[in-house]
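# Structural features, examined
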Amino acid sequence: MTRLKIAATALLLAAGFGSAAAQTNKPAEIGFGIFTFTSGPAAAYGMPGRNAAELVIKQINASGGIGGVPVKPIYVDEGQGSAGVIAEFRRLASDSTNEVMIAALSSANCLALAPVAEQLQMPTFMWNCDTHQLFLKDRYKYVYRTNSSTVPEFIADVLYLLSVKPDFKKVAIIDPDYAFGRDAGVIFKETLKALKPDAEIVVELYPKLGSPSYNTEISRLVSAEPEVIFSNFWGADLENFVRQAAPRELFTRSTVILALGESALQHVGTVLPDGVIVGVIGDGYWLTPDARRKPQTKAFVESYRQSFNEYPVFPSFKMANTLYAVKAVYEKAIATNKGRWPTRDDLVAAAKDLKVDTLTGTLVLREDNDGLVDQIVGVTKKDPAYPFPVMGEMVRYPATMVTPPVGADPIAWIKDLKPAIMASVPKPGSYK
Amino acid sequence: MIANYLPLIVDGLADAALIFFVAVGLTLVFSVVRILNVAHGSFYAFGAYLSVVIGTILAGRGWPLLSLTTLVISPLLVALAFGPLIERTLLRWTYGRPEALQILVTFGLFLILEDLQKVVFGVQPYSQDLPMQLLGTSHIGGIVYLNYQLLLIVLALAVGVSLRVLLKKSRIGKLIIAVVADEELARTVGIDAPRVFMLAFSVGVFLAALGGALASPTIGVAPGLGAEIIVLAFAVAAIGGLGQIEGAALASILIGFTRVAAIYYAPEFQPVVPYLVMLLVLIVRPYGLFGSIGLRRI
Amino acid sequence: MAIRSILILAVVAALLPIAVPWLGFVFTLAVGTGLAALGVAMLLRGGLISIGHALYFAVGAYTVAFLMRDAGIDDLLVLFAGATIITAVVGFLVGAFMVRYRAIFFAMLNLAISMVFFTLLSKLYYVTGGTDGLAVATPTVLGMQLSRGAFDVVMLNAALILMVAAALLIDRYLKSPLGEALGAIHTNEVRLEYLGVSARGVIWAAYTASAGLAGLGGAITAVAIGHVVPELSYWTVSGQLVLVAVLGGIGGVPGAFIGAFFLELVRTLAVGIAGEVWNAIIGISLLIVIFFLPEGLYGLIQRLERRRTNPK
């Protein structure tokens, strides 16, 4: 009888271990919910992101997936509006094969999704989400941004402007009317006030996001005769604005800063003169010295061009770098677990203080889950090798120079900047 | 200084021109057929899309100058494709029925056409600014103007005047006026009222599509274009008085100017202005600036 | 008949999500849309078509957001009551001059006000959050802060109870003298005035009630989605409300809700299967109903019911 009992107990224990092992075995596939714009004006920015995702995931799966598990991407179109996006997020999160969300593009959507992600305890990596409001007042456990906010980018724009044009008085701002545009206006103004207090903002325009026509706004800008114009238009808005403003000589009468300008160079760059200040958010430009040096990046650029007939723009790099970062998180977690498939909390632990080499530089995840990346700014420059202008006279601003530290209120930090820092700032063309 | 106000005037008139095409088509259809066509904006969108597509093909084939002709050919195609078809089927069924039902039928049509656009043209934004580029720019008072904008103003005037002349002088115009004034009597004297309705509706579609085609070189064409333009056209038509061509012209100018003035003096409220004006006008004069209860006229 | 239909709908809507959880969210939204559509249907009874009722839908939704953000009110029922009352007051004030207009002018004025509201919501970024809108946190229920999953269940059932309550209330109202007078305005307003009944008064009362209904609908939607945006006041939303009212049938109170459930289900299913054509599907359904089923889906149900009980 006792032997039977021992055998039974052994069997039960084995079954128990077996099922525990079955639970921690690798899943058949892992689902990534990938949120981007594939319709409407924003698609001009969102599709390069989607294209990059398709390419990167195909490559990852071709080399065996993550930890040997294939990745299944599920694309969600942010064009359906916030309500639909949130509903989709909830729906995807209720399916346990979906382990990670790569969301979102629009600031509005990511601000709406962050609390939802936290509620549902779904690890969410914001691949684009530029608004600094994301981590301003709230601390999240499951929400990360694998890129920078726009605060460092806009600060870098001002530094570059002052480097190439230290003397000016009248400044105009035209940004889309939503958090991203409004915040840009504030950040730009405060940085300018701190570093060049005698500058005067003569007109500020916030047309609706997705407006098809800017002709009246352009007339308004032209009549105000500003020496500098700042805009963080993106997507089709940026392309429309450039097309409509160029014949009106806006780009020759003023020094224009197109903070997200690189994303439109291939489509509308031909109408731009040389000398327009353009930026990327972060460091994702395919012709930077770093991008040209890294073999993995050159391969990515080449296969992107083959697949999609154009070169990848910075949204593509943001997406690609995010996916590689998530892969790194998984690999770190799997290594820590000695092969056991990571739970959500394992992923969170692995993401802590993550530092990865990206296609175009390095990404560091801070303790507030925000990303630290260098910022690149340049000017348009014709290049005989390409039918569109490229970014020339580039500067690579180190992340720590232009990013407010953890816990600091960005505006307060900006107010403390002194014009004297211009002496220690890298010069245009120094990034070779 | 006049020079400072010239850009304002040109912008206001160009803006007014574009909205005039759509609003006058809407008001014409309402006047003859007595239906407020919610789908009117969709024809605008189709005109824009088609013009961009044909223009791009022509430019690709090496005939860029021809892209100017697409601005007129595309609306013709849209009118031929949709005008008689929709009037004969959907609209004819709604004559005499309650207004709520008529508006709903056109709303249903709007929903269908919105998706038809997405299926035919996709959801990516389009643009083709070749016609605008071809016409170049003028320098007036130190400010650069697009000759295209000036063309729009001239065309709007031409269309407005032609419509007026057409209605007053031509045979078909007199038939339309007869049908508008008293349909029953018109039928009694042998006027083919159904034909008149079909023609009037098709002209309305043409005008809306023309607005879209003419706007397309200066805008980005993307889904949602129709929805935005129709509510603005409603506002303009209501302000001018439903069914009044001169009303539509004046209301367009009013809205064009107030919008542009807003951008110069109170940019934050620029989108509110048309609807605020609509509200104020309707409260004071529910029939619009030119409308009236009594005689049915056009 | 009406009561029975509504109760059946409520019970089915309460039970189905137990098997298919994500339906709970869809049904909650359907109740929100249905309440607003009921408001529109009431006015349609009186021959008045409002293509601007999204105004009240948005007022109700934003009221919830403002109450939570600025007044610190957390309780679900207080939020609902507050939204309904405040929206009804707005409707009362707007109705004061709205009742002078009929037919197309009534429609246009409603449209104008809703678009003014829409553009104001979009532009007053620092007050309303502009085009990004405002977040709506999870309210407390009877003092308790529930997990979102539990809250969603409570929310659905609260919405369904409110649906039944509103249906009963409006059903009673429509059968009361005030409600019958509303139908009489459609038929012959002058005759009604000769009977000593103030047409304007009747319309004013109906308009206020319909605003309150739409406000409650907006409040439910705001809490369910957790976010409010200016698009809630856009003219296409107003159009959808009229569509839902007619699709469901204005002959009886359940019509608005049947139409709303139909719309939300089609929308959810279509977006997953045929994302680009769900508008067209709704549009075609609308046309089919208008041409072949003028009494709406509820009218169809009523006819089938009559045929069942009186087989000839």
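Structure's up top.
The notes below deal with the structure included here. Residue numbers here run from 1 along each chain, matching the order of that chain's written sequence. As a convention, the first chain written is A and the first ligand written is 1, with the rest following in written order. Local features in this predicted model are restricted to residues whose pLDDT is 70 or higher, and side-chain atom pairs enter the listing and the counts only when it is 80 or higher, whereas totals over whole chains, interfaces and linings include all residues.

## Considering the overall build of chain C
Of the regular secondary structure elements, chain C holds 14 helices and two strands. Only the C-alpha atoms count toward the radius of gyration. The rule for a globule is 2.2 Å times the residue count to the power 0.38. In terms of overall size, chain C behaves like a compact globule, its C-alpha atoms giving a radius of gyration of 19 Å where 312 residues would be expected to give roughly 20 Å. The C-alpha extent of chain C, read off along each of the three principal axes, is 55 × 50 × 40 Å. Counting every position in chain C, which comprises 312 residues, the buried fraction comes to 57%. Residue pairs qualify as contacts under a 7 Å threshold applied to their C-beta atoms, which are placed from the backbone. Of all intrachain contacts in chain C linking residues separated by at least 6 positions in sequence, the fraction that spans at least 24 positions is 80%. Note on conventions: DSSP H or I runs of at least 4 residues are helices, E runs of at least 2 residues are strands, and numbering of each starts at the N terminus. Neighbour density around each residue's C-beta defines its exposure: 20 or more other C-beta atoms within 10 Å make it buried, 12 or fewer make it exposed, and counts between make it partly exposed, where C-beta atoms are placed from the backbone.

## Some details on the environment of A:Ile57
Locating A:Ile57 in the fold gives a position in helix 2 (residues 43-62). With 25 residues separating them along the chain, A:Ile57 and A:Phe32 place their C-alpha atoms 9.9 Å apart.

## Digging into the packing of helix 2 (residues 23-45) of chain C against helix 7 (residues 148-175) of chain C
Residue and element names in this part refer to chain C. Between N-to-C directions, angles cover 0 to 180 degrees, with each direction set by a line fitted to C-alpha atoms, over the stretch in contact for helices. Contact pair helix 2 / helix 7: the axes reach a minimum separation of 9 Å and the direction vectors enclose 20 degrees. When the axes of helix 2 and helix 7 are compared, the pair comes out roughly parallel. As helix 2 runs across helix 7, the sense of the crossing is left-handed. Of the residues in helix 7, those touching helix 2 at Gly 24, Phe 25, Phe 27, Thr 28, Val 31, Gly 34, Leu 35, Leu 38 and Met 42 are Asp 152, Val 153, Met 155, Leu 156, Ala 159, Leu 160, Met 163, Ala 166 and Ile 170. If an angle is under 35 degrees, it is roughly parallel; if it is over 145, roughly antiparallel; if it lies from 65 to 115, roughly perpendicular; otherwise it is oblique. If you view the pair so one helix is near and one far, a crossing is left-handed when the near helix is turned anticlockwise from the far one by less than a right angle, and right-handed when it is turned clockwise.

## Focus: helix 7 (residues 215-224) of chain A
Because the α-helix completes a turn every 3.6 residues, residues three or four places apart line up on one side. All names here are of chain A. Taken across its 10 residues, helix 7 has eight buried, putting it largely inside the fold. Turning to helix 7, its buried residues number three or more, namely Asn 215, Thr 216, Glu 217, Ile 218, Ser 219, Arg 220, Leu 221 and Val 222. Following helix 7 by one or two positions, Glu 225 adopts a phi angle in the positive range, close to 50 degrees.

## Observations concerning the interface of chain C and chain B
Often, the extent of an interface is quoted as the loss of accessible area on bringing the components together. Facing 35 residues of chain C, the contacting portion of chain B comprises 34 residues. Of all elements in the fold, only helix 5 (103-123), helix 11 (235-248) and helix 13 (278-292) of chain C reach the threshold of two or more residues within the side of chain C that touches chain B. Among the elements that line the side of chain C that touches chain B, the one with the most residues is helix 5 of chain C, at 14 residues. Ten residue types, Ala, Val, Leu, Ile, Met, Phe, Trp, Tyr, Cys and Pro, are classed as nonpolar, four, Asp, Glu, Lys and Arg, as charged, and the remainder, Gly among them, as polar. Looking at the side of chain C that touches chain B residue by residue, the class counts come to 27 nonpolar, six polar and two charged.

## Some details on the sheet that holds strand 6 (residues 170-174) of chain A
Hydrogen bonding along the main chain pairs the strands of a sheet, whether they run parallel or antiparallel. Residue and element names in this part refer to chain A. At least two DSSP bridges between two strands are required for those strands to pair. Taken in spatial order, the seven strands of this open sheet run 7-6-8-9-10-14-15, and their pairing is mixed. Each having just a single partner strand, strand 7 (200-205) and strand 15 (390-397) make up the two edges of the open sheet. Between one strand axis and the next, the sheet turns by 20 degrees as a mean value, whatever way the strands run. Relative to strand 9 (residues 255-258), strand 8 (residues 228-231) is paired through four bridges, and the arrangement is parallel. Directly across from Ser 231, in strand 9, lies its bridge partner Leu 258. Contacts from helix 6 (residues 179-195) reach strand 6, strand 7 and strand 8, with the element oriented near 165 degrees to strand 6.

## Focus on the interface of chain A and chain C
Contact with chain A, which involves 22 residues of that partner, is made by 18 residues of chain C. Within the residue set of the side of chain A that touches chain C, elements represented by two or more residues are helix 3 (82-93), helix 4 (107-120) and helix 6 of chain A. The leading source of residues in the side of chain A that touches chain C is helix 3 of chain A, at seven residues. Of the residues in the side of chain A that touches chain C, the class split is 11 nonpolar, six polar and five charged.

## A closer look at the pairing of strand 1 (residues 30-36) of chain A
Residue and element names in this part refer to chain A. Burial runs high along strand 1: five of the seven residues are buried. By the bridge criterion, seven bridges tie strand 1 to strand 2 (residues 71-77) in an arrangement that is parallel. Within strand 2, the position partnered with Thr 36 by the bridge is Asp 77. In this region the chain leaves strand 1, passes through helix 2 and returns to the parallel neighbour strand 2; the handedness of that crossover is right-handed. In this structure, strand 1 lies alongside strand 3 (residues 98-102), joined through four bridges in parallel fashion. In the sheet register, Gly 33 faces strand 3, and the bridge partner there is Met 101. Handedness of a crossover is defined as follows: orient the strands so they point away from the viewer, and if the path from the first strand over the helix to the second runs clockwise, the crossover is right-handed.

## A short note on the sheet that holds strand 11 (residues 355-357) of chain A
Spatial strand order, 11-12-13 (chain A): three strands in an open sheet with antiparallel pairing. If you trace the sheet from one side to the other, it starts and ends with strand 11 and strand 13 (371-372) of chain A, each paired once.

## Some remarks on the pairing of strand 14 (residues 375-381) of chain A
All names here are of chain A. Within strand 14, six of the seven residues are buried, leaving the element largely enclosed by the surrounding structure. Pairing of strand 10 (residues 277-279) with strand 14, which is carried by three bridges, proceeds in the antiparallel orientation. Of the residues in strand 14, the one forming a bridge with Gly 279 is Val 377. When strand 14 meets strand 15, the two strands line up antiparallel, connected through six bridges.

## Quick look at the nonpolar core
Core analysis: the largest hydrophobic core is formed by 364 residues, its most contacted members being B:Ala23, B:Ala209, B:Ala233, B:Val236, C:Val64, C:Ala112 and C:Ala245. Looking at this core, the element that brings in the most residues is helix 1 (residues 2-33) of chain B, giving 18 residues. Bear in mind that the domain bounds are from an automatic or database domain assignment. Both domains that meet at this core, namely domain 1 (30-148 + 290-365) and domain 2 (151-280 + 374-424) of chain A, each give it at least three residues. When buried Ala, Val, Leu, Ile, Met, Phe, Trp, Tyr and Cys residues are joined through C-beta atoms within 7 Å, the set is termed a nonpolar core.

## Details of the packing of helix 2 of chain A against helix 13 (residues 314-336) of chain A
All names here are of chain A. At a closest axis distance of 7 Å, the pairing of helix 2 and helix 13 adopts a crossing angle of 35 degrees. In this structure, the crossing between helix 2 and helix 13 has a hand that is right-handed. Contacts between helix 2 and helix 13 involve Tyr 45, Pro 48, Gly 49, Asn 51, Ala 52, Ala 53, Val 56, Ile 57 and Ile 60 from the former and Pro 315, Ser 316, Lys 318, Met 319, Ala 320, Leu 323 and Lys 327 from the latter. Within the contact of helix 2 with helix 13, the residues separate by chemical class into 11 nonpolar, three polar and two charged.

## Examining the environment of A:Pro289
Residues and elements named next belong to chain A. Within the secondary structure, Pro 289 sits in helix 11 (residues 289-293). Once the C-alpha coordinates of Pro 289 and Pro 73 are considered, the two residues, 216 residues apart in sequence, prove to be 31 Å apart. When residues no more than four places from it in sequence are discounted, the contact partners of Pro 289 are Tyr 431 and Lys 432.

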